[in-house]
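So the chains spell out like this:
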Amino acid sequence: MPRVLIAEEKHMIRGALAALLRLEPDMQLVAEVDRQDAIVRTAMASRPDVAILTADGMTVAAELHRKLPECHTLVLASEARPWLLRQALSAHVSGFILNDEPPAQLAETIRKVVAGERIFNPDLMLRALDTDGTPLTARELEVLRLLASGAESIDIARSLSLSVGTIRNYLTSVVTKLDARNRVDAIRIASQAGWLP
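We now turn to the structure provided with this report. (Residues numbered from 1 in each chain as written. Predicted model: local features only at pLDDT ≥ 70, side-chain atom pairs only at ≥ 80, totals over all residues. Heavy atoms only, no water.)

1. Examining the packing of helix H2 (residues 39-46) against helix H3 (residues 58-67)
Part 1 of the reasoning: Between H2 and H3, whose axes approach to 10 Å, the crossing angle comes to 35°. Both H2 and H3 take part in a crossing whose hand is right-handed. Contacts between H2 and H3 pair Ile-39, Val-40, Ala-43 and Met-44 from the former with Val-60, Glu-63, Leu-64 and Lys-67 from the latter.
Part 2 of the reasoning: Per-class residue counts for the contact of H2 with H3 are six nonpolar, no polar and two charged. (Axes fitted to C-alpha atoms, helices over the stretch in contact; angles between N-to-C directions. Helix = DSSP H or I, 4+ residues; strand = E, 2+ residues; numbered from the N terminus. Left-handed = near helix turned anticlockwise from the far one by under 90°. Contact = heavy atoms within 4.5 Å. Nonpolar A, V, L, I, M, F, W, Y, C, P; charged D, E, K, R; others polar.)

Right under this line is the structure:
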């Protein structure tokens, strides 16, 4: 009987996932977590076979793989972004599906990853093969690299001979494209994806 941990900060979504899993007679929900920083600690205590994470949980997935290798990770994402798939593969995620799939798909995917299969959304796999990986333009990456090195917007503007407003626009675009919470999160996402040397 697969033991499952759900990590989702939105209470309604977490509750819906828990309700779906409770309908499965061969699954046991062992923990629910609403914060990223509590996932590994909770997993170490509850010893799930599968941890269901959101797309922003790639760092946690990698840490779970190191500290609790017998726990498979399954990512539920709201969008099919090819760079997320690359992050998932780097983090040793066992499965990656979109949260608009039929509800029965979740239980079936859990069973498959517990059996040792790796399950990834096929459309996402094809899109990942058709792209160079990053959704960012060369200029956006350059601005983000400079920001990651500690430069302020005004310094970046001077070094690239652009206005501060243009730099802010680039950084807003970066945050939006990466679905990041802020600039620091955008740097983290790009670094984990290998786009920042």
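Next comes the rest of the account.
2. What to know about the environment of Tyr-170
Part 1 of the reasoning: In this fold, Tyr-170 is placed in helix H9 (residues 164-177).
Part 2 of the reasoning: Assessed through its relative accessible area of 23%, Tyr-170 is described here as partly exposed.
Part 3 of the reasoning: On a C-alpha basis, the gap between Tyr-170 and Val-113 in space is 39 Å, while along the polypeptide they are 57 residues apart.
Part 4 of the reasoning: For Tyr-170, the residues in contact, after removing those within four places along its chain, are Arg-139, Glu-140, Val-143 and Leu-162. (Buried < 20%, exposed > 50% of the residue type's maximum accessible area, 1.4 Å probe, protein only.)

3. Focus: unusual backbone geometry
Part 1 of the reasoning: If you check the backbone angles, Arg-47 has positive phi at about 50° while not being a glycine.
Part 2 of the reasoning: Structurally, Arg-47 is set in the loop between H2 and strand E3 (50-54).
Part 3 of the reasoning: One non-glycine residue, His-92, lies in positive phi territory at about 65°.

4. Section: the pattern of salt bridges
Part 1 of the reasoning: The full count for this structure, using the stated rule, is 13 salt bridges.
Part 2 of the reasoning: For the salt bridge of Glu-140 with Lys-177, the shortest nitrogen-to-oxygen distance reads 3.0 Å. Placement of Glu-140 in helix H7 (residues 138-148) and of Lys-177 in helix H9 is noted, with a sequence separation of 37 residues between them.
Part 3 of the reasoning: Assessed through its relative accessible area of 28%, Lys-177 is described here as partly exposed. (Salt bridge = Lys/Arg side-chain N within 4 Å of Asp/Glu carboxyl O.)

5. Re the sheet that holds strand E5 (residues 95-98)
Part 1 of the reasoning: Overall, parallel pairing links the six strands, which are arranged E2-E1-E3-E4-E5-E6 in an open sheet. Edge positions in the sheet fall to strand E2 (28-33) and strand E6 (119-120), since each of these pairs with one other strand and no more.
Part 2 of the reasoning: For strand E1 (residues 3-7) and E2, the ladder comprises five bridges, and the chain directions are parallel. Across the sheet, Ile-6 pairs through a bridge with Glu-32, a residue of E2.
Part 3 of the reasoning: Its contacts with the sheet put helix H1 (residues 11-22) on E1, E2, E3 and strand E4 (72-77), and the angle it makes with E2 is roughly 175°.
Part 4 of the reasoning: Sheet strands touched by H2: E1, E2 and E3. Its angle to E1, the strand with the most contacts, is close to 165°. (Pairing = 2+ DSSP bridges.)

6. A look at the layout of surface pockets
Part 1 of the reasoning: Quantified by volume, the largest pocket comes out at close to 830 Å³.
Part 2 of the reasoning: If you go around the largest pocket, you meet 42 residues; those closest to its centre are Glu-8, Thr-54, Ala-55, Leu-76 and Asn-99.
Part 3 of the reasoning: For the lining of the largest pocket, the residue count by class is 23 nonpolar, six polar and 13 charged. (1 Å grid on protein atoms, 1.4 Å probe; cavity = no way out; pocket = protein on both sides within 12 Å on 5 of 7 lines; lining within 4 Å. Points joined across faces, edges and corners; volume = space filled by probe spheres on them.)

7. As for the nonpolar core
Part 1 of the reasoning: Ranked by internal contacts, the top residues of the largest apolar core, which has 50 residues, are Leu-5, Ile-39, Leu-64, Phe-96, Leu-144 and Leu-178.
Part 2 of the reasoning: At five residues, H3 tops the list of elements feeding residues into this core.
Part 3 of the reasoning: Residues Leu-17, Ile-52, Leu-74 and Ile-97 belong to the second largest nonpolar core, which totals 16 residues. (Core = buried A, V, L, I, M, F, W, Y, C linked by side-chain atoms within 4.5 Å.)

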